[in-house]
Amino acid sequence: MDELFYFQKAAEIPCSCGKTHHILTQKTIVDHSLLEQIPLVLNQLHLGKKCLIVFDENTYQAAGQKVETILNQEKYKAIPLLLSHNSSSQYLEPDEDTRHQVGTGLKYQPDFMIAVGSGVINDLVKFVAHRSHIPYVVVGTAASMDGYPSLGAPMLVNGYKITFEATPPKAIFMDLDVLVKAPLELLQSGFSDLIGKTTANSDWVLRNQLQDEYICHYSWDLVKEALHILWESADQIPQRKPEAVRALSIALLNSGFSMALVGDSRPASGAEHLIAHYLEMVSLSRGENTSLHGLRVGVATFYIHKMYQRFLKEIDTVDWEKIASPHPLRVNKKILQEKFGSLYPLVEKEATQKMTSPMVFTDSYKKPGFSNQLRQMISEKLFAIPDIEQALNRSKTPSTFEELGFSRSLVKDSFLFSRFVRSRITILDILDEAGLLEEYVEDFL
Ligand SMILES: NC(=O)C1=CN([C@@H]2O[C@H](COP(=O)(O)OP(=O)(O)OC[C@H]3O[C@@H](n4cnc5c(N)ncnc54)[C@H](OP(=O)(O)O)[C@@H]3O)[C@@H](O)[C@H]2O)C=CC1
Ligand SMILES: O=C(CO)COP(=O)(O)O
């Protein structure tokens, strides 16, 4: 297997996109027997000696206990903080209760914090550390999502998922001996989250071409190479082959770094994520199970990918002039109130903006060859994983919403209404502007 590049240390990258990117994470290590090396790296980072180490029961067993012991042996004062799972949901959630639990540890006045866990624990510590101006490092316990290096911390606020800006970790430790032992579902979730980058980046290019949104091709280059290697190793995921877990971990880090480069989740999150967020929030508000973030993203990607394929086939017949001209709204406040239920007051601001402000297009669609060029640019992103269904099957990852426990009607709503969750423009908005969204959803679901 080829050696994958990733940012192992902090970097400053002048880029053709016009920005100078900054990678602030000073050390990122993916290796076997890594937990033992943590004190040495911490010594180099000069973060101080008193640390708050945050885990829950699962991640304490997976790595936390060992990290705590090793640190105390090396003259660190590690103050353990065991998060308890108080809500009725299936997993620990990044909500008011868990934020409060992490916040209580601040009374010990730690020099820095250590998150031992995967997505939720990393985000909780990232969020609290940022707000308290304390550095943090993360010991990742699962290759389940791409958020370790990112500058965002998705939090539930009154049940609504909002991504807050936050400072990335000073160091990321991904011990392969820990990661290969994590439940298979978590590895499949990481795999699934990654294949979503195909549609997320297609959305980004679409918006860039139609509305001149800023884009960075370097961030895509990072992810493209990772997706290629991942496609090659898909069938080794169910066997938890260390080489495949390593490739998956680095690919996820690269996706996370692509978010860190541009300071936004745009390279990693498009329509497939909006659908995943909608399903999560509405299910939580009804007290129903949500399944894992990456698994929801993977199945949504499967469908958005199909929609894109049809869109690309029909692109020459798209009436851009009609799409770009103002037209009556196809959805009203009453429908959204019904679909979002108790979440509506929280979604109202973003939804009203999307409902009331017409999309503004540049004149680029008037140029000869526009559709052809757009097709080529999107195809490059879309087919970086040549066949999504095959990738999911080879990695034995769920490819239907039914397998994840979501009803058909909720899934259909997620495709029709998730675009109101964020102001971010995706293929779902363009299809709606073209009057095609319902037809596409009926066709593919
Ligand atoms: N910041 C960012 O840019 C990003 C953030 N995210 C966010 O990350 C979250 C999803 O993260 P994800 O990791 O998928 O899910 P969770 O953090 O919810 O973890 C899922 C489950 O895995 C358990 N677990 C983790 N590691 C181990 C292990 N080694 N052994 C046994 N059990 C383990 C957790 O235990 P326990 O519950 O006990 O901890 C939990 O039950 C979402 O909230 C999503 O929004 C996703 C992508 C990017
Ligand atoms: O989940 C993410 C990337 O995988 C982060 O994106 P969001 O900003 O949509 O939460």
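Only a predicted model underlies this, so the values are computations on that prediction, with no experimental measurement involved.

To continue, consider the pairing of strand β6 (residues 136–140). Across the five residues of β6, five count as buried, placing the element largely inside the fold. Side-chain alternation along β6 places Tyr136, Val138 and Gly140 on one buried face and Val137 and Val139 on a second face that is also buried. Inspection of the sheet shows strand β5 (residues 112–117) paired to β6 by five bridges, in the parallel sense. Across the sheet, Val116 pairs through a bridge with Val139, a residue of β6. Handedness of the crossover joining β5 and β6 through helix α4 (residues 119–131) is recorded here as right-handed. Pairing of β6 with strand β9 (residues 171–175) involves four bridges; the strand directions are parallel.

Around ligand 1, the surrounding shell holds 28 residues, and the nearest of these are Asp56, Ser118, Asp123, Ser144 and Ser150. For ligand 1, an oxygen atom lies 2.2 Å from a polar atom in the side chain of Asp56. Residue Val120 places a main-chain N or O atom 2.8 Å away from an oxygen atom belonging to ligand 1. When ligand 1 is considered free in solution it has 930 Å² of accessible area, and contact with the protein chains removes 90% of it. Of all the secondary structure elements, the ones that give two or more residues to the shell around ligand 1 are α2 (57–73), α4 and β7 (152–157).

Around ligand 2, the surrounding shell holds 13 residues, and the nearest of these are Asp146, Ser265, Ser269, His273 and His277. A distance of 2.7 Å is found between an oxygen atom of ligand 2 and a side-chain nitrogen or oxygen belonging to Asp146. Contact between ligand 2 and Ser265: an oxygen atom at 2.6 Å from a side-chain N or O atom of the residue. Within the complex, the protein chains bury 94% of what would otherwise be the 300 Å² of accessible surface of ligand 2. For the shell around ligand 2, the secondary structure elements donating two or more residues are α6 (184–211) and α9 (271–285). Tallied by class, residues from the shell around ligand 2 come to three nonpolar, six polar and four charged. When residues of the shell around ligand 2 are sorted by domain, at least three fall in each of domain 1 (9–182) and domain 2 (189–215 + 266–444).

Glancing now at the packing of aromatic side chains. Scanning the model with the defined rule gives 16 aromatic pairs in all. Centre to centre, the rings of Phe361 and Tyr365 are 6.5 Å apart; their planes meet at 90°, and the pair counts as edge-to-face. For Tyr365, a relative accessible area of 12% gives the class buried. For the pair Phe401 and Phe406, a centre-to-centre distance of 6.4 Å together with 70° between the ring planes defines the contact as edge-to-face. With a relative accessible area of 7%, Phe406 lands in the buried category. An aromatic cluster is defined as three or more aromatic residues linked by ring pairs; in this entry it consists of Phe302, Tyr303, Phe401, Phe406 and Phe415. Between Arg99 and the ring centre of Phe127, over which it is positioned, the NZ or CZ distance is 5.7 Å.

Rules and cut-offs
- Residues numbered from 1 in each chain as written.
- Chains lettered and ligands numbered in written order.
- Predicted model: local features only at pLDDT ≥ 70, side-chain atom pairs only at ≥ 80, totals over all residues.
- Heavy atoms only, no water.
- Buried < 20%, exposed > 50% of the residue type's maximum accessible area, 1.4 Å probe, protein only.
- Helix = DSSP H or I, 4+ residues; strand = E, 2+ residues; numbered from the N terminus.
- Pairing = 2+ DSSP bridges.
- Right-handed = clockwise from strand over helix to strand, strands pointing away.
- Near = heavy atom within 4 Å.
- Polar contact = N/O pair within 3.5 Å; in protein donor to acceptor, adjacent residues only side chain to side chain.
- Areas by Shrake-Rupley, 256 points an atom, 1.4 Å probe, with all protein chains shown as cover.
- Nonpolar A, V, L, I, M, F, W, Y, C, P; charged D, E, K, R; others polar.
- Domains from an automatic or database assignment.
- Phe/Tyr/Trp six-rings, centres within 6.5 Å; stacked < 30°, edge-to-face > 60°.
- Lys NZ or Arg CZ within 6 Å of the ring centre and 35° of its normal.

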